[in-house]
Structures are given as structure tokens and as C-alpha cells.
Amino acid sequence: QVQLVESGGGLVQPGGSLRLSCAASGITFGNYGMNWYRQAPGKQREWVAGISSRGTTTNYADSIQGRFTISRENAKNTVYLQMNSLKPEDTAVYYCNAKLLQDEYWGQGTQVTVSS
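Residues numbered from 1 in each chain as written. Predicted model: local features only at pLDDT ≥ 70, side-chain atom pairs only at ≥ 80, totals over all residues. Heavy atoms only, no water.

Describing the overall build of the protein
Okay, step 1: Assigned secondary structure in the protein consists of zero helices and eleven strands.
Okay, step 2: Here the C-alpha atoms of the protein give a radius of gyration of 13 Å, agreeing with the 13 Å that 2.2 N^0.38 yields for 116 residues.
Okay, step 3: When the backbone C-alpha atoms are referred to their principal axes, the protein occupies close to 40 × 25 × 25 Å.
Okay, step 4: Looking at the 116 residues of the protein, the share that counts as buried comes to 42%.
Okay, step 5: Residue pairs at least 24 apart in sequence account for 53% of intrachain contacts in the protein once pairs closer than 6 positions are excluded.
Okay, step 6: On the protein, roughly 6200 Å² of surface is accessible, and the fraction owed to carbon and sulfur atoms is 44%. (Helix = DSSP H or I, 4+ residues; strand = E, 2+ residues; numbered from the N terminus. Rg over C-alpha atoms; globule rule 2.2 N^0.38 Å. Buried < 20%, exposed > 50% of the residue type's maximum accessible area, 1.4 Å probe, protein only. Contact = heavy atoms within 4.5 Å. Areas by Shrake-Rupley, 256 points an atom, 1.4 Å probe, with all protein chains shown as cover.)

Written as C-alpha cells, this is what we have:
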């Protein structure tokens, strides 16, 4: 059974930081590209960042470029999203995604709220 379990969300003030984690089980983690998506209330889910299976390539949405960093530890089957300089518009449920060709899995999401 494949599981992706996100953690690290919460309430943070504007300008603050959070680090999200996503622990994977039931897949050969090092074979999968990993992504973070987010969905704000009333909006469609949007892609935020991605990292290749070995961590050699990362890509980011323009909206978070320079503020967020995606990384992974294949030995721990975990992917991270370091979020700095958070803005109220970053408020959303953040989802972890694992993808390999036609195989794709999602986590249950973790809420991030940026508010004073």
C-alpha cells in the first residue's frame, strides 16, 4: 500500500518560514520524481515545485521562485519543502505527489496558513 504522509504545516506570520515534509512508503522512492502542489480555497490545485528522482534537477513555479526550496533524502524516503518569506497568498493545503511514468500518488495534504 502506497502512502505519502505530509507534515509540518501550521499557522505562521507573514515573512515567516515553515518546512514541510513528506514521508513515502510502499514505493521505490528513489525511482520517483517528487512534486509539491497546493490548493487555496476556491482555487484549482497548482503545481509548486518538483525534484527529479536523484535530486539533481529542481523546478519551481514563478510565484514561489527564490522563496521555496525543494529537496529530498532518498535514504529516508522523504521530500521536503522549505518555505521562506511566506505571504498570505501562500495560504493553502499543500500536497505531496510522487510520479513515475503512469504511476502517480498523492498525500492527504497539510494546511499552511499565513496570517498575522
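Some details on the environment of Gly50
Okay, step 1: Following the sequence through the fold, Gly50 ends up in strand 5 (residues 46–51).
Okay, step 2: Note on Gly50: relative accessible area 8%, which makes it buried.
Okay, step 3: As for Gly50 and Ala98, which are separated by 48 residues in sequence, their C-alpha atoms are 9.7 Å apart.
Okay, step 4: Beyond its immediate chain neighbours, meaning those up to four positions away, Gly50 contacts Met34, Asn35, Thr57, Thr58, Asn59 and Ile70.

Description of the packing of aromatic side chains
Okay, step 1: Counted by the stated rule, this structure contains two aromatic pairs.
Okay, step 2: Here Tyr32 and Tyr105 contribute two aromatic rings whose centre-to-centre distance is 6.2 Å and whose plane-to-plane angle is 50°, an arrangement assigned as tilted. Of this pair, Tyr32 sits in the loop between strand 3 (18–25) and strand 4 (33–39) while Tyr105 sits in strand 10 (residues 103–106), and the two are 73 residues apart along the sequence.
Okay, step 3: The exposure class assigned to Tyr32 is buried, which follows from its relative accessible area of 6%.
Okay, step 4: Above the face of the Trp106 ring, Arg45 is positioned so that its terminal group lies 4.7 Å from the ring centre.
Okay, step 5: Taking the ring centre of Phe29 as reference, the NZ or CZ of Arg72 above it sits at 4.4 Å. (Phe/Tyr/Trp six-rings, centres within 6.5 Å; stacked < 30°, edge-to-face > 60°. Lys NZ or Arg CZ within 6 Å of the ring centre and 35° of its normal.)

Things to note about the nonpolar core
Okay, step 1: Of all hydrophobic cores here, the largest spans 30 residues; its most connected members are Met34, Trp36, Val79, Leu81, Met83 and Tyr94.
Okay, step 2: Secondary structure elements with two or more residues in this core: strand 3, strand 4, strand 5, strand 7 (68–73), strand 8 (78–83), strand 9 (92–100) and strand 11 (110–114).
Okay, step 3: Here Met83 is in contact with Gly16, Ser17, Leu18, Leu20, Arg67, Phe68, Tyr94 and Val112, once residues within four sequence places are set aside. (Core = buried A, V, L, I, M, F, W, Y, C linked by side-chain atoms within 4.5 Å.)

Focus: the pattern of salt bridges
Okay, step 1: What the rule picks out here adds up to four salt bridges.
Okay, step 2: Arg38 serves as the salt-bridge partner of Glu46, at 2.6 Å between the closest nitrogen and oxygen.
Okay, step 3: For Arg38, a relative accessible area of 6% puts it in the buried group.
Okay, step 4: Of the charged contacts, one joins Glu73 and Lys76 as a salt bridge, the two residues approaching to 3.9 Å between their closest N and O atoms.
Okay, step 5: Taking the relative accessible area as the measure of exposure, Lys76 reaches 54% and is therefore exposed. (Salt bridge = Lys/Arg side-chain N within 4 Å of Asp/Glu carboxyl O.)

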